[in-house]
Amino acid sequence: WDSLLDIQSRVKSAKLFREQRDELFHKLQEAFETIKLRRSQERTAFEQEAVKNYNRLKVMVEDGLKQAEITHEYKETREYLKKIQTEFKGIRMIHEQREELYSRLQTAFDILSKRLDEFFRTKKKNWEVKMNYRLSQYSAEIFELQEKLNHDRSYLQELQDQLDIMKASGKESTALTGLEARITSTSRSINRRLDEIAHLETEQLQLKQKLEGGVEGL
């Protein structure tokens, strides 16, 4: 796509007869349409795979949520939820469906966390177990932010591609201004998420150091 945009720009600036220019622009348009078609086909294949992944993960997430609500095997359930969490990494899924399932998984973590807190209050278990659970919460929050960051970066690339196409057309419009505003907003969102991740990673490291040093009273 970028190569075609470059060719399109060179054709615009080249000295050509009108008929020659029209012929080249027509061929370029055919090439653009071919890429759009291939993207559409790839999108269809992606959606089919995404449905399978969604259905598979949905069963796991619902099972994890049920366990979080009734289990007394807190450590094993936490490990199971973390295992489900790793299933999200690199898997192809529609963004909204990924967020839906990940939100339910986070709910399971939250439920287990509250039940674990109550367990510690009543049974006075070793504080180290609780600190390890906090570390898993940090991991979950960081992972969720990274997922959103990846989505923002992908969306930003799409916006920039649209901007390149619009600029290449040579047409000025309010849509161009709106597109630039969305790019600016998305860039700010990316920076905010990076700051949040850095903050959480710092807290996570500090907690690990306290845990390794056996410092209680956190």
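Above this text you will find the structure in question.
Reference entry: report on the structure contained in this document. What you are looking at is a predicted structure, and each value in this text was computed from that prediction instead of being measured.

Each value, and the rule that gives it
Residues numbered from 1 in each chain as written. Predicted model: local features only at pLDDT ≥ 70, side-chain atom pairs only at ≥ 80, totals over all residues. Heavy atoms only, no water. Phe/Tyr/Trp six-rings, centres within 6.5 Å; stacked < 30°, edge-to-face > 60°. Helix = DSSP H or I, 4+ residues; strand = E, 2+ residues; numbered from the N terminus. Buried < 20%, exposed > 50% of the residue type's maximum accessible area, 1.4 Å probe, protein only. Core = buried A, V, L, I, M, F, W, Y, C linked by side-chain atoms within 4.5 Å. Contact = heavy atoms within 4.5 Å. Expected span 1.5 Å × (residues − 1). Salt bridge = Lys/Arg side-chain N within 4 Å of Asp/Glu carboxyl O. Axes fitted to C-alpha atoms, helices over the stretch in contact; angles between N-to-C directions. Parallel < 35°, antiparallel > 145°, perpendicular 65-115°, else oblique. Left-handed = near helix turned anticlockwise from the far one by under 90°. Nonpolar A, V, L, I, M, F, W, Y, C, P; charged D, E, K, R; others polar.

By the definition in use, this model includes 2 aromatic pairs. Both rings, one in Phe88 and one in Tyr102, keep their centres 5.1 Å apart while their planes meet at 90 degrees; by these two values the pair is edge-to-face. Placement of the pair is Phe88 in the loop between α3 (74-87) and α4 (95-123) and Tyr102 in helix α4, with a sequence separation of 14 residues. Classification of Phe88 as buried rests on a relative accessible area of 0%. Grouped by ring-pair contacts, the aromatic residues Phe88, Tyr102 and Phe143 constitute a single cluster.

For the rest of this paragraph, the subject is the nonpolar core. Judged by nonpolar contacts, the single largest core of 23 residues is most densely connected at Leu57, Leu81, Ile84, Phe88, Leu101 and Leu105. For this core, the elements supplying multiple residues, two or more each, are α2 (18-70), α3, α4 and α5 (127-169). The biggest single contributor to this core is α4, with 8 residues. Those residues within four positions of Ile84 in sequence are excluded, and the remaining contacts are Met60, Val61, Gly64 and Leu105. One finds Met131, Ile142, Leu176 and Ile183 within the second-largest nonpolar core, a separate group that totals 18 residues.

Now for helix α6 (residues 174-213). The first and last C-alpha atoms of α6 sit 59 Å apart over 40 residues, in line with the 58 Å expected at 1.5 Å per residue. Listed as buried for α6 are Leu176, Leu179, Ile183, Thr186, Ser189, Ile190, Arg193, Ile197, Leu200, Gln204, Leu207 and Leu211.

The next thing to look at is the pattern of salt bridges. A side chain of one charge can pair with a side chain of the opposite charge when the charged atoms of the two come close. With the rule as written, the count across this model stands at 10 salt bridges. Through salt bridges with shared partners, one network takes in Arg78, Glu79 and Lys82.

Another aspect to go through is the packing of α3 against α5. At a minimum axis separation of 12 Å, α3 and α5 run at an interaxial angle of 15 degrees. Judged on the interaxial angle alone, α5 and α3 are roughly parallel. Judged by the twist between their axes, the crossing of α3 over α5 is left-handed. Facing α3, whose interface residues are Arg78, Lys82 and Gln85, α5 presents Val129, Tyr133, Ser136, Ala140 and Phe143. Here the contact of α3 with α5 is built from residues that sort into 4 nonpolar, 2 polar and 2 charged.

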